Amino acid sequence: MKIVYLSDSALPSKRANSVHVMHMCNAFKALGHETVLFGLSGEKASAEKIMQWYGVNGFHIKLTSLRIPKLTLWWHAWNMLRGVKKLKTDVIFGRSLYGCYVLAKNGYKVCLETHDPINALTKKQREIFIKLLKSPNLIGIVVISEALKNIILSQTELISEDRVFVAHDGATIQSFTDSDIASYPWPNSKNERLQIGYVGTISQGRGIELIVELAKKLGQLDFHIIGGRKEDLVKIGLVDTGSLENLFFHGFVSPKEAALARKRCDVLLAPYQENVTLKSGKNTAKYMSPLKVFEYMEAGKAIIASYLPVLREVLTDGENCILIAPTSISDWVKEIVSLSENNTLRQALGGKASQSLHMNYTWEKRSERILAFINEQLGKQ
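A brief structural summary. Predicted model only: the values in this text are computed from it and were never measured.

Digging into the overall build of the chain
The helix and strand tally for the chain stands at 14 helices and 13 strands. In summary, the chain has a C-alpha radius of gyration of 21 Å against a globular reference of 21 Å for 381 residues, a match within 12%. Its C-alpha atoms give the chain principal-axis dimensions of about 65 × 45 × 40 Å. Going through the 381 residues of the chain one by one, you find that 53% of them count as buried. Put simply, of all contacts in the chain between residues at least 6 apart along the chain, 74% involve residues at least 24 apart.

Points about the environment of valine 333
Tracing the chain through its elements places valine 333 in helix H12 (residues 329-340). Sequence separation between valine 333 and threonine 89 is 244 residues; the distance between their C-alpha atoms is 54 Å. When residues no more than four places from it in sequence are discounted, the contact partners of valine 333 are Leu214, Lys217 and Leu218.

Description of the nonpolar core
In terms of nonpolar packing, the biggest core is built from 99 residues, with Ile208, Phe223, Leu269, Met297, Ile304 and Ile336 touching the most fellow members. The greatest single-element share of this core, amounting to seven residues, is contributed by helix H4 (residues 97-105). Not counting residues within four places of it along the chain, the set of residues in contact with isoleucine 208 comprises Tyr198, Thr201, Ile202, Ile225, Leu233, Ile236 and Leu238. If you look at the next biggest cluster of nonpolar residues, it comprises 30 residues, including Ala27, Tyr54, Phe93 and Phe165.

As for the sheet that holds strand E9 (residues 222-226)
Here we have six strands laid out as an open sheet, ordered E10-E9-E8-E11-E12-E13, and parallel in their pairing. Of all strands in the sheet, those bounded by a partner on one side alone are strand E10 (247-251) and strand E13 (322-324). The average angle at which neighbouring strand axes cross in this sheet is 20°, direction not considered. Where strand E12 (residues 302-306) lies against E13, three bridges are found, and the strand directions are parallel. From the neighbouring strand, serine 306 faces E13, where its bridge partner is isoleucine 324.

Side note on the environment of serine 354
By secondary structure assignment, the location of serine 354 is in helix H13 (residues 343-360). Among the residues examined, serine 354 registers a relative accessible area of 16% and is labelled buried. For serine 354 and isoleucine 173, which are 181 residues apart along the polypeptide, the C-alpha to C-alpha distance reads 9.5 Å. If we skip the residues at most four places from it in the chain, serine 354 touches Met297, Glu298 and Gly300.

Observations concerning helix H3 (residues 72-85)
Along its 14 residues, H3 runs 20 Å from first to last C-alpha, staying within 8% of the 20 Å computed at 1.5 Å per residue. Next to the buried residues of H3 lie strand E1 (2-11), strand E2 (34-41), strand E3 (60-64), strand E4 (91-94) and H4.

Things to note about the sheet that holds E1
An order of E3-E2-E1-E4-E5-E6-E7 is seen for the seven strands of this open sheet, with the pairing classed as parallel. With one partner strand each, in any of the chains shown, E3 and strand E7 (164-166) form the two edges of the open sheet. Recorded for the sheet is a direction-independent mean angle of 25° between the axes of neighbouring strands. Together, E1, E2, E3, E4 and strand E5 (110-113) form the strand contacts of helix H1 (residues 16-30), whose direction differs from that of E1 by roughly 160°. This element, helix H14 (residues 363-380), spans E1, E4, E5, strand E6 (138-143) and E7 of the sheet and lies at about 150° to E6.

Here's the deal with the pairing of E1
Burial of E1 is extensive: eight of the ten residues sit out of reach of the surface. Once the chain exits E1 it traverses H1 before rejoining the sheet at E2, and the crossover so formed is right-handed. Sheet topology places E1 next to E4; four bridges connect them, and they run parallel. Within E4, the residue paired with tyrosine 5 across the bridge is phenylalanine 93.

Some thoughts on the packing of aromatic side chains
By the definition in use, this model includes eight aromatic pairs. Seen from their ring centres, tryptophan 74 and tyrosine 101 are 6.2 Å apart, and the 70° between their planes marks the pair as edge-to-face. Linking tryptophan 74 in helix H3 with tyrosine 101 in helix H4, this pair joins segments that are 27 residues apart in sequence. Measuring from ring centre to ring centre gives 5.9 Å for tyrosine 184 and tryptophan 186, while their planes differ by 65°; the resulting arrangement is edge-to-face.

Some remarks on helix H5 (residues 123-134)
Helix length check: H5 (twelve residues) gives 17 Å between terminal C-alpha atoms against 16 Å at 1.5 Å per residue, within 8%. Against the buried residues of H5 lie H3, H4, E5 and E6.

Comments concerning the side chain of serine 203
Inspection of the secondary structure assignment puts serine 203 in the loop between strand E8 (195-199) and helix H8 (208-217). Residue contacts for serine 203: discarding those within four places in its chain leaves Ile236 and Thr277.

Overview of unusual backbone geometry
At the junction of leucine 11 and proline 12, the peptide bond is cis and its omega measures out at -5° in the coordinates. In this structure, lysine 70 takes a positive phi of about 70° despite not being glycine. Along the chain, the position of lysine 70 falls in the loop between E3 and H3.

Concerning the pattern of salt bridges
The tally for this structure, following the rule as stated, stands at eleven salt bridges. The shortest N-O distance in the salt bridge between arginine 262 and glutamate 295 comes to 3.4 Å. Taken as a pair, arginine 262 in helix H10 (residues 255-264) and glutamate 295 in helix H11 (residues 291-299) lie far apart in primary sequence, 33 residues in all. Note on arginine 262: relative accessible area 5%, which makes it buried. Note that glutamate 298 and lysine 263 form a salt bridge whose closest N and O atoms lie 3.6 Å from each other. Of this pair, glutamate 298 sits in helix H11 while lysine 263 sits in helix H10; the two residues are 35 residues apart in sequence, bridging distant segments of the chain.

Definitions and limits used
- Here the residue index of a chain counts from 1 through its sequence in written order.
- Residues qualify for local features only when their pLDDT is at least 70, as the model is predicted, and side-chain atom pairs are given and counted only at 80 or more; totals for whole chains, interfaces and linings, by contrast, use all residues.
- Calculated side-chain values reflect all of the structure's heavy atoms, with hydrogen atoms and water omitted.
- Each helix is a run of DSSP H or I of at least 4 residues and each strand a run of E of at least 2, with the numbering of both proceeding from the N terminus.
- Taken over C-alpha atoms, the radius of gyration is set against a globule rule of 2.2 Å times the number of residues to the power 0.38.
- Burial classes: relative accessible area under 20% of the type maximum marks a residue as buried, over 50% as exposed, and values in between as partly exposed (1.4 Å probe, protein chains only).
- Residue contacts are defined here by distance: any two heavy atoms, one from each residue, within 4.5 Å place the two residues in contact.
- By convention a nonpolar core is built from buried Ala, Val, Leu, Ile, Met, Phe, Trp, Tyr and Cys residues, the set being connected through side-chain atoms within 4.5 Å.
- Any two strands with at least two DSSP bridges between them are considered paired.
- Throughout, an axis means a line fitted to C-alpha atoms (over the contacting stretch in the case of helices), and angles, computed between N-to-C directions, take values from 0 to 180 degrees.
- Helix span is expected to be 1.5 Å times the residue number reduced by one.
- Handedness rule for crossovers: strands pointing away from the viewer, path from the first strand over the helix to the second running clockwise, crossover right-handed.
- Centres within 6.5 Å are what make two rings of Phe, Tyr or Trp a pair, Trp counting through its six-membered ring; a difference in plane orientation under 30 degrees is then read as stacked, over 60 as edge-to-face, and the rest as tilted.
- A carboxyl oxygen of Asp or Glu within 4 Å of a side-chain nitrogen of Lys or Arg is what we treat as a salt bridge.

Structure representation (structure tokens):
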């Protein structure tokens, strides 16, 4: 098939949504489908350079570069319509609300993926979303968690349960040699110690404060925060961390470097709090499907994560991870010490996590399920 993916992601960028979009297109291509991605131009780079940055290849990228204050997404949507008119397409799918709305209004069958409930959208976005739900050209909606599906269904009667499909996020299987992993620049830590890592954004609700407290209490272990900037620590109220000799800040790294860093750790932390706030002010803790969790699973390392209902859709305590109440410092200390003394348990948890990822949560498996859902819905029309 020829698949068109509509996206509002800036490419390339440091945002997780761009990673999601690029790897979904890569997965469609890996399944044998010709794939065309529409996106916004980020930092100036060729399509080849963009693909190298994300570690993907083989599909077409078409970018909208002109930005118009307050009208960029509308301009981008109409630009995507003009582009699609030049293509013979079988499936139109994507995360662009404006794009899907404009194409549906112009007679194209579309499937929208959304990562937010209706009440988290702006007033204008809610109006467009409702109009799209009423369109006979909407095939269905893809969401990232059962929790989000339930929230959306509770907020509108304009779409039936069978037309809302849950597809948790995913990760790409990485093939690195030992020398590849060793090439990642590791700080001058004491490598005989347990290496504990967090890979991701430094922002409110990610549990960075908890990691700093853990480093203070567990001076015999090394802690690594890979991602973000040191200035981000100030934004969340952390200013006194420089004296900790066992806490290392790596700063923002490329997707490939992030994957290598995960492989260098013994334990990976996902200490999400009950209020996970994005730049927009949205609290996503009740319905999120963090890329971090799936990338951790792919790394094959022991995972310690917060005991949140939405994470338990994927993670099982004592089987492929250890789950702990997000604010209980003493329990986090206890479990980290236990893992530091039990290599067999670390390997068992990491192995189960990796196995679960391979069986259920690769981007290819996600793409297969989404295409099956789309074909099923089209068959009903």
